[in-house]
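Chains, contacts and geometry: an overview
Letter by letter, the chains look like this.
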Amino acid sequence: MASFSPLGVRTTEVQAVSRQRPHLNKLAQLRSDFLRDADLAVLCDCDTFFVADPRPYFAKNMVAAAVVDSPNPPIEIWDILLQRAGLTRRRPDIAVGSAAAMTIFENRNGGLYVLPGARLGELDEPWSKWAQWLEAQADVLGVYTFYIDQIAFALTCLELCIEPDLLPKALNFPTHLAAADIGDGAPIMLHYHRQVDDSGMLQPLGQLTVDRAVAFVNESLAKPAAIRRKRRLLLHVGLPKTGTSSLQRWCYANSDRFLEQSIRYPTPSADTAQPKHQFMVSDLMAGDLSRTAQAVAEGSEESTVLTTEGLTNHLYDFRPIGLEKIRGLFEAFHLTVFLVHRKPEDWLRSYHKQCAINPRNAEFYYGTGLDLQAFRELPRVRKLMNVPNLAQDCAAAFGAKEVVTMEYDSDWLVRFLGLCGYTPTEKVELEVTNESVPDWLFEGVLRINRQPFSDNARIAWLGTLQRFANSRHAGLRKHEATANSHDLWRELDPNLIDRIASPDARWAGYRELLANWAGAKAPGGRRAWSAPRFGQLRDGKMPSSAMHHIRVR
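What counts, and at which threshold
Residues numbered from 1 in each chain as written. Predicted model: local features only at pLDDT ≥ 70, side-chain atom pairs only at ≥ 80, totals over all residues. Heavy atoms only, no water. Buried < 20%, exposed > 50% of the residue type's maximum accessible area, 1.4 Å probe, protein only. Helix = DSSP H or I, 4+ residues; strand = E, 2+ residues; numbered from the N terminus. Pairing = 2+ DSSP bridges. Contact = heavy atoms within 4.5 Å. Axes fitted to C-alpha atoms, helices over the stretch in contact; angles between N-to-C directions. Salt bridge = Lys/Arg side-chain N within 4 Å of Asp/Glu carboxyl O. Parallel < 35°, antiparallel > 145°, perpendicular 65-115°, else oblique. Left-handed = near helix turned anticlockwise from the far one by under 90°. Core = buried A, V, L, I, M, F, W, Y, C linked by side-chain atoms within 4.5 Å. Phe/Tyr/Trp six-rings, centres within 6.5 Å; stacked < 30°, edge-to-face > 60°. Lys NZ or Arg CZ within 6 Å of the ring centre and 35° of its normal. pLDDT = per-residue confidence, 0-100.

1. Things to note about the pairing of strand β1 (residues 40-44)
A one-sided burial pattern is seen for β1, the buried positions being Ala41 and Leu43 and the unburied ones Leu40, Val42 and Cys44. Relative to strand β6 (residues 112-116), β1 is paired through five bridges, and the arrangement is antiparallel. Bridge assignment links Leu43 to a residue of β6, and that residue is Tyr113.

Structural data, given as structure tokens:
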């Protein structure tokens with residue numbers, strides 16, 4: 001069954017309803033959440049072939065099927081069944097499709113049912129009930145027990161007062177009866193039963209128009225190589241603060257090993273600290289998918305992996321035209337969206353810190369002094385915390401039929417590598433490259449953000465926190481590096497230190513650090529940062545090597 005997936009065919013394994021009556025197994029589809037969410041569910045036998053698109057013949061909320069081909073069972077047996085069931089006819093009897101006989105109005109061919117997804121649950125219980133009841137009517141049914149699924153459907157319609165629409169014969173065109181009885185016509189769906197030759201090709205009927213359709217089907221079946229297997233595309237969308245940076249660095253470092261197993265990790269963005277595909281975010285914002293199209297066209301490997309947490313972080317910021325274009329681009333692939341999430345409170349605290357440390361951006365609430373409770377209530381944050389809705393929205397936004405969500409504390413890396421199609425030949429290790437800052441230091445970040453500093457002054461003050469604490473947070477490191485490279489330390493005013501530091505003992509030494517800076521002069525009169533790092537996070541411990549050792553067997 002797995003071989004169907006790359007071809008864009010969705011399969012689901014279900015429990016058999018009846019080993020004795022295989023036709024009843026279609027009732028299992030009535031319990032499918034996927035079908036219940038659909039406007040219409042079309043239940044078909046396996047021995048059917050669509051020659052043309054049937055959708056123009058369907059309408060919303062319709063219950064429909066074609067009439068049976070033959071009087072199965074004969075009308076006199078129907079009279080007895082209805083009497084025993086305590087049911088009466090609601091409509092006059094109608095002619096069967098391929099014989100000179102009559103049947104009750106609700107007796108329909110089980111090769112194709114059209115049913116509203118919203119009514120599948122309503123039909124499930126009575127359809128199953130009448131099928132069981134009919135097993136006890138063998139004395140009157142005789143050989144017609146073979147048609148219990150169809151007879152039970154008719155009884156269900158009578159009980160629920162459903163008058164099914166009558167589909168044309170073309171939507172359930174038989175080829176197993178005598179040509180003279182069937183007649184000619186242009187089939188939309190061929191119901192060929194066992195009328196195939198030893199090579200699996202459909203046998204002609206002996207009617208000109210029908211046989212042309214059969215020839216078309218056989219020609220299609222004879223060219224399986226014309227079916228192009230869709231390449232796999234794994235789209236890792238985050239969430240932020242779920243190990244995304246570590247994963248991206250590992251994938252990039254092992255891109256050659258990926259290629260050995262026909263997996264492409266396209267060239268990452270050149271303007272980001274981490275080797276990720278951030279250009280997808282820019283493309284979606286601009287509505288121009290040129291760079292993303294270039295990435296998915298880089299190679300012809302069986303699988304491609306694209307990753308950036310910005311796809312969830314900015315999911316609700318993207319332009320509709322951009323999303324429409326990316327769905328069109330991804331349509332050529334068997335797309336799986338992969339989303340990792342954490343325990344809500346743990347994620348919220350970590351994401352709060354990340355947004356506060358980021359460069360200022362009022363639209364995304366970056367660089368603010370909001371406390372945790374106020375940050376929690378932001379609409380964009382609440383949307384990201386609703387993981388079930390987020391997964392559904394990702395599927396709709398990117399056109400994915402499959403979304404895999406994993407808990408951060410689970411073996412998500414093993415699942416990710418499996419979806420890539422990668423079989424590790426070594427122990428897989430992810431190094432933490434963007435570690436959250438401790439709470440006491442983060443309070444200093446919020447105090448800085450609450451000051452009316454210019455952007456340059458804010459960067460310099462955040463840089464002092466990094467210089468003081470020597471954290472492993474990529475954002476603070478970048479602020480320090482920017483302050484160094486652009487000589488922003490001159491923006492600092494040591495007289496404001498009481499607004500930033502805390503009496504907490506863990507801040508011991510910070511004042512001295514600022515005082516040392518204030519008194520230092522570089523040649524030429526420019527201030528130079530000369531104070532030594534304190535080298536620890538003020539909790540009595542040096543930063544650990546912070547290695548996640550995730551073993552993949």
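2. Details of the sheet that holds strand β10 (residues 231-236)
By definition, the strands of a sheet pair up through backbone hydrogen bonds, in either a parallel or an antiparallel sense. Pairing in this open sheet of five strands is parallel, and the strands run β11-β12-β10-β13-β14 from one edge to the other. Strands at the two margins of the open sheet, each flanked by one partner only, are β11 (263-264) and β14 (402-407). Summarising the sheet, β11 and strand β12 (residues 303-307) pair through two bridges and their orientation is parallel. When the bridges of β12 are listed, Arg264 appears paired with Thr304. Along the sheet, helix α13 (residues 320-330) contacts β10, β12 and β13 (333-341); its crossing angle with β13, the most-contacted strand, is approximately 120 degrees.

3. Quick notes on the pattern of salt bridges
Close approach of charged atoms allows side chains of opposite charge to pair. For the structure shown, the criterion picks out 28 salt bridges. Beyond isolated ion pairs, a larger network of salt bridges with shared partners links Lys26, Asp45 and Asp149.

4. Here's the deal with the packing of helix α14 (residues 344-357) against helix α19 (residues 439-449)
Their axes nearest at 10 Å, the elements α14 and α19 cross at an angle of 40 degrees. By the angle class used here, α14 and α19 are oblique. Judged by the twist between their axes, the crossing of α14 over α19 is left-handed. Contacts between α14 and α19 pair His352, Lys353, Ala356 and Ile357 from the former with Asp439, Phe442, Val445, Leu446 and Asn449 from the latter.

5. With respect to the nonpolar core
Formed by 38 residues in total, the largest nonpolar core has its most connected members in Leu235, Val237, Leu306, Leu311, Phe330 and Phe398. For this core, the elements supplying multiple residues, two or more each, are β10, α10 (279-286), α11 (290-296), α13, β13, α14, α16 (379-385) and α17 (387-398). Ranked by the residues each element gives to this core, the list is headed by α17, at five residues. Beyond its immediate chain neighbours, meaning those up to four positions away, Leu306 contacts Leu233, Leu234, Leu235, His236, Pro266, His277, Met280, Ala295, Val296 and Phe330.

6. Focus: the sheet that holds strand β8 (residues 173-174)
Here we have three strands laid out as an open sheet, ordered β2-β9-β8, and mixed in their pairing. Looking at which strands have only one partner, the edges of the open sheet turn out to be β2 (48-50) and β8. Where β2 lies against strand β9 (residues 189-191), three bridges are found, and the strand directions are antiparallel. Bridging across to β9, Thr48 finds its partner in His191. Packed on one face of the sheet, helix α7 (residues 208-221) meets β2, β8 and β9 and runs near 90 degrees to β9.

7. Considerations on the pairing of β12
Of all five residues that make up β12, five are buried, and the element is covered over most of its length. Bridge analysis of β10 against β12 gives five bridges, and the strand direction is parallel. Paired with His236 across the two strands is Thr307, which belongs to β12.

8. Here's the deal with the packing of aromatic side chains
On inspection of all chains with the given rule, the structure shows 19 aromatic pairs. Both rings, one in Phe453 and one in Trp461, keep their centres 5.9 Å apart while their planes meet at 5 degrees; by these two values the pair is stacked. On the basis of relative accessibility, which here comes to 12%, the residue Phe453 falls in the buried class. Feature note: the residues Trp440, Phe468, Trp507 and Tyr510 constitute an aromatic cluster, connected by ring pairs. For Lys169, the ring lying beneath its charged end belongs to Phe173, and the centroid distance is 5.6 Å. Sitting over the face of the ring of Tyr408, Arg342 holds its NZ or CZ atom 5.5 Å from the ring centroid.

9. Concerning the confidence of the model for the protein
In the predicted model, the protein carries a mean pLDDT of 89, and 91% of its residues have values of at least 70. In the model, residues 521-553 has pLDDT below 50 throughout and makes 82 contacts with residues more than four positions away in sequence or in other chains.

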